[in-house]
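# Residue-level structural notes
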Amino acid sequence: NARAFSTRLEDGGQEFALDPDFEASTFEYEIVIGSLPVEALTWELTPVVGGRPTGFELIEGEDQDMFRLSVPGSPSDLWYNVTVIAQATNECDCNGHGECADPFDLDSTECKCYSGWTQESNCAEPDDSVSQLDDSDVAVVEITWRSNRVSSLLEIQEDFIAMCEAIEAADESAGLQVRRVNNCLMRALRNNAVEGAFPFQTEASFKTALVTLLAKVSSLQDRIIIDNDANLLAVSIEVLTNLDHYTAAKDAEPYYERWEAFVTAQDPRAMQTSFLWA
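Residues numbered from 1 in each chain as written. Predicted model: local features only at pLDDT ≥ 70, side-chain atom pairs only at ≥ 80, totals over all residues. Heavy atoms only, no water.

## Focus: the state of the cysteines
Formally: Any pair of cysteine sulfurs within 2.5 Å is marked as a disulfide. Secondary structure elements are defined from DSSP: runs of H or I of at least 4 residues count as helices, runs of E of at least 2 residues count as strands, and each element is numbered from the N terminus. Each residue's exposure class comes from its accessible area (1.4 Å probe, protein chains only) as a fraction of the maximum for that residue type: buried when under 20%, exposed when over 50%, partly exposed otherwise.
Overall, the coordinates contain four disulfides when judged by the stated rule. Between the sulfur of Cys94 and that of Cys111 lies a disulfide, 2.1 Å long from S to S. Of note, the bridge from Cys94 to Cys111 carries an S-S torsion of about -95° and is left-handed in sense. In this pair, Cys94 is assigned in the loop between strand E6 (79-85) and strand E7 (98-100) and Cys111 in strand E8 (residues 111-113), connecting sequence segments 17 residues apart. Taken as a pair, Cys94 and Cys111 share a single burial class, namely buried. Bridging Cys113 to Cys123, the disulfide has an S-S length of 2.1 Å. Given an S-S torsion of about -90°, the disulfide between Cys113 and Cys123 has left-handed geometry. Of this pair, Cys113 sits in strand E8 while Cys123 sits in the loop between E8 and strand E9 (138-146), and the two are 10 residues apart along the sequence. In this pair, the class of Cys113 matches that of Cys123, namely buried. Bonded cysteines in the chain are paired 1-3, 2-4, 5-6, 7-8 when counted in the order they occur along the chain.

Structure representation (structure tokens):
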């Protein structure tokens, strides 16, 4: 959830009330259920005119109903567009081997176990039918869409999610040895978007949403490539397999062929790569 307003920050900062009625200088921070504490809010400040501020500080008031926003060294005649972003995620006890099945449903504590751990035990007991290699010891497959292979990366938003879901749904007969999909970027973008905004229709709205998401979830930053002018060149999916990353090249060849066929069948614009068959 996000709210935006414009304000002029006087010397020493300016106080805002966490008021249930959203006005020019107040922010409603009710989301889903309950409320976020002041320290859970994140901010983006953009000067309307003049230079970019060197930083800002969020000072909690004496009670939970007030906070102070200030920009060190800000000239008093400079107005800012302020966007306040509040995103709550629930916490699930998955015994260190899973994640919340729906991180945006605060009522749910259901786990989605990583491959190799049983759902019945709430991810506490290993699945003897699956490789017990640690995540750091398995081969990774990256599936990438590059801007030079599509007219615009805008067009692959839903196809990107479809690829994640196809990999997650692949059964043993596909022979892909999937452990799990790591950081499905476009799915996170969809889940983080205002209802009805996804898929994004303009480059500007897509880029704004992406920048906002990456600021909040730093692990997703590895899933994009940008040039020196901040133009988006590529987006990718990371898939952990159950294959030992020291598998010999001759033994890895069949898996390369299966992955190549699978990805091409899903979307011929995408490319799959792995250290095993680099």
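On we go.
## Re helix H1 (residues 157-169)
Just so we agree on the cut-off: Helix span, as expected, comes to 1.5 Å for every residue beyond the first. Two residues qualify as a contact provided that any one of their heavy atoms is within 4.5 Å of a heavy atom in the partner residue.
A rise of 1.5 Å per residue sets the reference length of H1, with its 13 residues, at 18 Å; its end C-alpha atoms lie 19 Å apart and thus fit the reference within 8%. Within H1 the residues assigned to the buried category are Gln157, Phe160, Ile161, Met163, Cys164, Ala166 and Ile167. Check the buried side of H1 and you find it contacts E9, strand E10 (178-182), helix H2 (185-192), helix H3 (203-216), strand E12 (232-244) and helix H4 (249-266).

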